[in-house]
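Next come the chains, spelled out residue by residue.
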Amino acid sequence: MNPIRGLHHVTAVARDPQRNVDFYRNVLGQRLVKRTVNFDSPDTYHFYFADATGNPGSVLTFFAWPNMRRGVRGNGETNVVAYNVPIGSLPFWQARLKQAEITTTPIQARFGQNVLAFSDPDGMGVELVEVENLPTVQHWEEGPIPQAHALRGFHSVTLWLDEVEPTSALLTQEMGYRFTGVEENRHRFQGDVNALGHIVDLVHRPGKIQAGFGAGSIHHIAFRVANDEEQLTYQSTLNEAGFRVSPVMDRSYFHSIYFREQGGVLFEIATDTPGFLIDEPKESLGEALKLPAWVEPQRAEIEASLLPLTLNPIEKASL
Ligand code: ZN
């Protein structure tokens, strides 16, 4: 069985769609590569923010649920999503986030790397991690951030857990990750070092408060396989290992299976194919509302029920 190739995407919950787009697109400089709806509640948006072409491992998606109460950070959830940034770029980001009225924590060292942490406007944990040997992503030339400081896909996700052993066993025995070290209560696991988002950190917090799901919560994390065949192998292997894995679901841009790991975190395994260029050209990614064929007949009522959304003009940051 081929090991997991790192993260495919991470999906979280936001309340205000306009604020969400303004922050990830106009402040963090991620391209809105897809504007669609939640297939299970098509009167709400589903946004995809990524590099210029939506490379797996750079894709952060949001369900925008305006009536959702704010979530509570705690055990049994993915608590933080971290991005790679170039060495020396954290002062730029400190200044930029301050300008956007986002409070950052002091830069900290973790496993030898500098980390800048903050919460997004909904309270979701985000970190920027300076890394050498930056991975390749497609820089969004029209975006606000010069390439010298731009985010370079996912660095890692951090899970908060009562117990680390069950999740550790899942990662190492079923998914091809290896344990690479522990710092305080943070246990680090790595997949393919050449893949974006190849790190999973498990933070051991025995007896601490459980997470309450809501706006600002990370709904699930999706791991990456190349194709449908690899996905089916994972589906049967994980089922045999006792996980209750969902049937394959067609998410238009990838195919997905889901299961909950023992720590309570929802995992997905998603295919690289068919990708985000399947229904619109690279040049105009994210500009139009895209609906899957089976939802298309309801387009008029869906468009009427969605909150208005503006792609505000990009202001280029200076170096
Ligand atoms: Zn997903």
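Residues numbered from 1 in each chain as written. Predicted model: local features only at pLDDT ≥ 70, side-chain atom pairs only at ≥ 80, totals over all residues. Heavy atoms only, no water.

Would you mind going over the overall build of the chain with me for this structure?
On a plain count of helices and strands, the chain comes out with 5 helices and 16 strands. Projecting the C-alpha coordinates of the chain onto the three principal axes gives extents of approximately 45 × 45 × 35 Å. Expressed as a percentage of its 319 residues, the buried residues of the chain come to 58%. When contacts within the chain are restricted to residue pairs at least 6 apart in sequence, long-range pairs at least 24 apart make up 68% of them. Within the structure as shown, the chain displays about 13,400 Å² of accessible surface, and the carbon and sulfur contribution to it stands at 50%. The distance from the centre of the 27 positive side-chain charges to the centre of the 38 negative ones in the chain is 4 Å. (Helix = DSSP H or I, 4+ residues; strand = E, 2+ residues; numbered from the N terminus. Buried < 20%, exposed > 50% of the residue type's maximum accessible area, 1.4 Å probe, protein only. Contact = heavy atoms within 4.5 Å. Areas by Shrake-Rupley, 256 points an atom, 1.4 Å probe, with all protein chains shown as cover. Lys, Arg positive; Asp, Glu negative; His and termini not counted. Charge placed at Lys NZ, Arg CZ, Asp CG, Glu CD.)

Looking at this structure, how should I read helix 2 (residues 90-99)?
Since the α-helix packs 3.6 residues into each turn, any two residues three or four apart lie on the same face. Within helix 2 the residues assigned to the buried category are Leu90, Phe92, Trp93, Arg96 and Leu97. Burial along helix 2 is one-sided: seen end-on, the buried residues are contained in an arc of 145°. Facing away from the buried side of helix 2, by more than 90 degrees, are the exposed residues Lys98 and Gln99. Buried residues belonging to helix 2 abut helix 1 (17-27), strand 5 (77-86), strand 7 (113-119) and strand 8 (125-131). Of the residues one or two after helix 2, Glu101 is the one with positive phi, at around 65°. (Arc of directions from axis to C-beta.)

Sorry, what's going on with the coordination of the zinc ion here?
Ideal geometry at a metal gives 109.5 degrees between four tetrahedral donors and either 90 or 180 degrees between six octahedral ones. Around the zinc ion, the protein contributes the donor atoms His9 (NE2), His220 (NE2) and Glu268 (OE), at 1.9 to 2.0 Å from the metal centre. Counting residues between consecutive donors of the zinc ion along the chain gives the motif H-x210-H-x47-E. With a gap of 211 residues between them, His9 in strand 1 (residues 7-14) and His220 in strand 13 (residues 218-225) connect regions that are remote in the sequence. With relative accessibility at 5%, the residue His220 sits in the buried group. (Donors = N, O, S within 2.8 Å, 3.2 Å for Na, K, Ca; no water.)

Would you mind showing me how to read the pairing of strand 8 here?
With respect to burial, strand 8 is a largely interior element, 7 of its 7 residues being buried. Side chains of strand 8 alternate between two faces, with Gly125, Glu127, Val129 and Val131 and Val126, Leu128 and Glu130 buried alike. Bridge analysis of strand 5 against strand 8 gives 7 bridges, and the strand direction is parallel. When the bridges of strand 8 are listed, Ala82 appears paired with Glu127. Bridge count between strand 7 and strand 8: 5 bridges; the pairing is antiparallel. Paired with Ser119 across the two strands is Gly125, which belongs to strand 8. Linking two consecutive strands that pair antiparallel, namely strand 7 and strand 8, is a turn of 5 residues; a positive phi of about 95° is found at Gly123 within it. (Pairing = 2+ DSSP bridges.)

Remember, this is a structural readout, not a statement about activity or role.
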